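Topology and contacts: notes
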Amino acid sequence: MSQILSAGTIAPDFTLAVTPDQKLSLRDLRGRPVVLVFYPADWSPVCGDQVALYNEILPEFQKYKAEILGISVDGVWCHAAFGQSRNLHFPLLADFEPKGAVARKYGVYRENDGITERALFVIDEEGVIAWSYVSPIAVNPGADDILEALENLKKGKASHGEVESAHRAS
Amino acid sequence: MAKLKAPIGPADHAAGDEQAAVTMVEYGDYECPHCRHAHPIVQSLQERFGKQLRFVYRNFPLTQIHPHAEMAAEAAEFEGSKGHFWEMHDAIFENQARLDRATLEELASDLGDPADELKTSLKNHEFLPKVKEDFMGGVRSGVNGTPTFFLNGERFDGMAEDLGEGIEELLGSHRRRA
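Conventions used here
Residues numbered from 1 in each chain as written. Chains lettered and ligands numbered in written order. Predicted model: local features only at pLDDT ≥ 70, side-chain atom pairs only at ≥ 80, totals over all residues. Pairing = 2+ DSSP bridges. Helix = DSSP H or I, 4+ residues; strand = E, 2+ residues; numbered from the N terminus. Axes fitted to C-alpha atoms, helices over the stretch in contact; angles between N-to-C directions. Contact = placed C-beta atoms within 7 Å. Core = buried A, V, L, I, M, F, W, Y, C linked by C-beta atoms within 7 Å. Buried ≥ 20, exposed ≤ 12 C-beta atoms within 10 Å, placed from the backbone. Nonpolar A, V, L, I, M, F, W, Y, C, P; charged D, E, K, R; others polar. Parallel < 35°, antiparallel > 145°, perpendicular 65-115°, else oblique. Left-handed = near helix turned anticlockwise from the far one by under 90°. Expected span 1.5 Å × (residues − 1). Right-handed = clockwise from strand over helix to strand, strands pointing away.

Let us now look at the sheet that holds strand E5 (residues 154–156) of chain B. Residue and element names in this part refer to chain B. Pairing within the open sheet is mixed, and its five strands lie in the order E1-E3-E2-E4-E5. Pairing within the sheet leaves two strands with one partner each, and these edge strands are strand E1 (13–15) and E5. The mean inter-strand angle of the sheet, taken between neighbouring strand axes irrespective of direction, is 25 degrees. Strands strand E2 (22–28) and strand E3 (53–59) of the sheet are contacted by helix H6 (residues 128–140), whose axis makes an angle of about 110 degrees with E3.

Take the nonpolar core next. With 82 residues, the main nonpolar core has Leu36, Val37 and Phe121 of chain A together with Ala72, Ala75 and Ile92 of chain B as its most contacted residues. Among the elements that take part in this core, helix H2 (residues 69–81) of chain B stands out by supplying seven residues, more than any other. Excluding residues that lie within four positions of it along the chain, Val37 of chain A makes contacts with Tyr54, Ile68, Leu69, Gly70, Ile71 and Leu120 of chain A.

To continue, consider the interface of chain B and chain A. One frequent convention defines the size of an interface as the accessible area lost when the parts assemble. Counting from both sides, the interface comprises 18 residues of chain B and, opposite them, 18 residues of chain A. Elements supplying a minimum of two residues to the side of chain B that touches chain A: helix H1 (33–49) and H6 of chain B. Within the side of chain B that touches chain A, the residues separate by chemical class into seven nonpolar, eight polar and three charged.

A word on the packing of H2 of chain B against helix H5 (residues 115–123) of chain B. All names here are of chain B. Running from N to C, H2 and H5 point in directions that differ by 125 degrees, and their axes come no closer than 10 Å. What the angle tells us is that H2 and H5 run oblique. As H2 packs across H5, the resulting crossing turns out to be right-handed. Side by side, H2 and H5 meet where Met71, Glu74, Ala75 and Phe78 of the first sit next to Leu118, Ser121 and Leu122 of the second. Taken together, the residues of the contact of H2 with H5 sort by class into five nonpolar, one polar and one charged.

This paragraph deals with the pairing of strand E9 (residues 129–135) of chain A. Each regular strand shows side chains that alternate between the opposite faces of the sheet. Residue and element names in this part refer to chain A. Note that strand E8 (residues 118–123) and E9 share six bridges and pair antiparallel. In the strand pairing of E9, Ala119 is matched with Val134. Counting the residues that bridge the hairpin from E8 to E9 gives five residues, and of these Gly127 lies at a positive phi of roughly 85 degrees.

This part is about the environment of Lys5 of chain B. All names here are of chain B. Looking at the secondary structure, you find Lys5 in the segment before E1. Along the primary structure Lys5 and Met71 are separated by 66 residues, whereas in three dimensions their C-alpha atoms are 25 Å apart. Look past the residues within four positions of Lys5 in its chain and what remains in contact with it is Gly137, Arg140 and Ser141.

In a pair of packed helices, the angle between the axes and the distance between the axes together describe the arrangement. Residue and element names in this part refer to chain B. One way to put it is that H1 packs onto helix H7 (residues 163–177) with a least axis distance of 10 Å and a crossing angle of 30 degrees. Accordingly, the angle class assigned to the pair H1 and H7 is roughly parallel. Crossing handedness for the pair H1 and H7: right-handed. Contact with H1, carried on its side by Ile41, Leu45, Arg48 and Phe49, involves Leu163, Gly164 and Ile167 of H7 and no other residues of that element.

Further remarks concern the environment of Tyr109 of chain A. All names here are of chain A. Along the chain, the position of Tyr109 falls in strand E6 (residues 109–110). For the pair Tyr109 and Leu29, spaced 80 residues apart in sequence, the C-alpha to C-alpha distance is 23 Å. When residues no more than four places from it in sequence are discounted, the contact partners of Tyr109 are Gly100, Ala103, Arg104 and Thr116.

Okay, the environment of His89 of chain A next. Residue and element names in this part refer to chain A. Mapped onto the secondary structure, His89 falls in the loop between helix H3 (76–85) and strand E5 (92–94). By the C-beta count within 10 Å, which is 12 here, His89 ends up exposed. Setting aside chain neighbours within four positions, we find His89 in contact with Asn55 and Leu58.

In this model H6 of chain B runs 18 Å from its N-terminal to its C-terminal C-alpha over 13 residues, within 8% of the 18 Å that 1.5 Å per residue would give. Those residues of H6 of chain B not exposed but buried are Val131, Asp134, Phe135, Gly137, Gly138 and Val139 of chain B.

All names here are of chain B. The buried count for E2 comes to seven of seven residues, which makes it a mostly enclosed element. Burial along E2 is two-sided: the residues Val22, Met24, Glu26 and Gly28 and Thr23, Val25 and Tyr27 are all buried. Sheet analysis places E2 next to E3, joined by seven bridges and oriented parallel. Bridge pairing in E3 links Met24 to Phe55. Assessed by its sense of winding, the connection that carries the chain from E2 through H1 to E3 is right-handed. Where E2 and strand E4 (residues 148–151) come together, four bridges link them in antiparallel fashion. Bridge pairing links Glu26 to Phe149 in E4.

So, in structure tokens, the structure goes:
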């Protein structure tokens, strides 16, 4: 069983389809925090599900200027239909071909099930993983820990800024 | 384990004894079928546990998938200001299949409150800040969908059907301590 990439690791870059004719690369988002949400599959049968929750609190993520990306092994057309049905306002990436390649790089692919773990990553402005978490597959992890990680990033940056200005002053 | 971060206060709608051994908090959405399903279960728990159980309901409308949920939450809060929160709460769930502005106005009139007043309140979003506050408190507490229940401050990850068992367990440890 592979190990989930932990804080301090450089987030592996990837380029994945976000719509049938559009691709997105992680490196394009450099300069902003990124919340990477691996989830097992589109169309889970609960209504207040994980992506619906994140969709609902997008304004909170935007307060931290964070970009949120969903990733599963579903294909682009499946994502398109799912996104439309849930009225989603953030991109869903298709880790479809080769299947689960990005999930493998992040250490969150479930070989036996052919799906990704329910895993969360917060990546900082420089592309380094600041926080990561794997939830039990049946438990929707909610958003509280993501917001806390983003808050810590902001605080960390603020204190780093203070140190820098202190250096300049001396 | 996710913990309730927003303490229960005077702005909350709480039913039952303040000294009850178990407090159950629900974050719910009036347009969510799973919350509708849980509603009679909650009522039967209140009946079954009586004074031992206090129940608090907070709003968690998922507006992107449930277009009437926020309006319904605001209407329930409006009725709360008239002292009819629980009547409205029950009535909204019982009429979930035809949830819209007209239904909410009708339910308000049935409770003896002028539909016009509700209309104005909804138009001005008088109770939206309260609804949003509930929502954000829920997000910070690890609410991960609707309904989410907390028993004595801990998120309950089982099904609504299993809540009775969870309450029994807490009452058991409460008795052992006493």
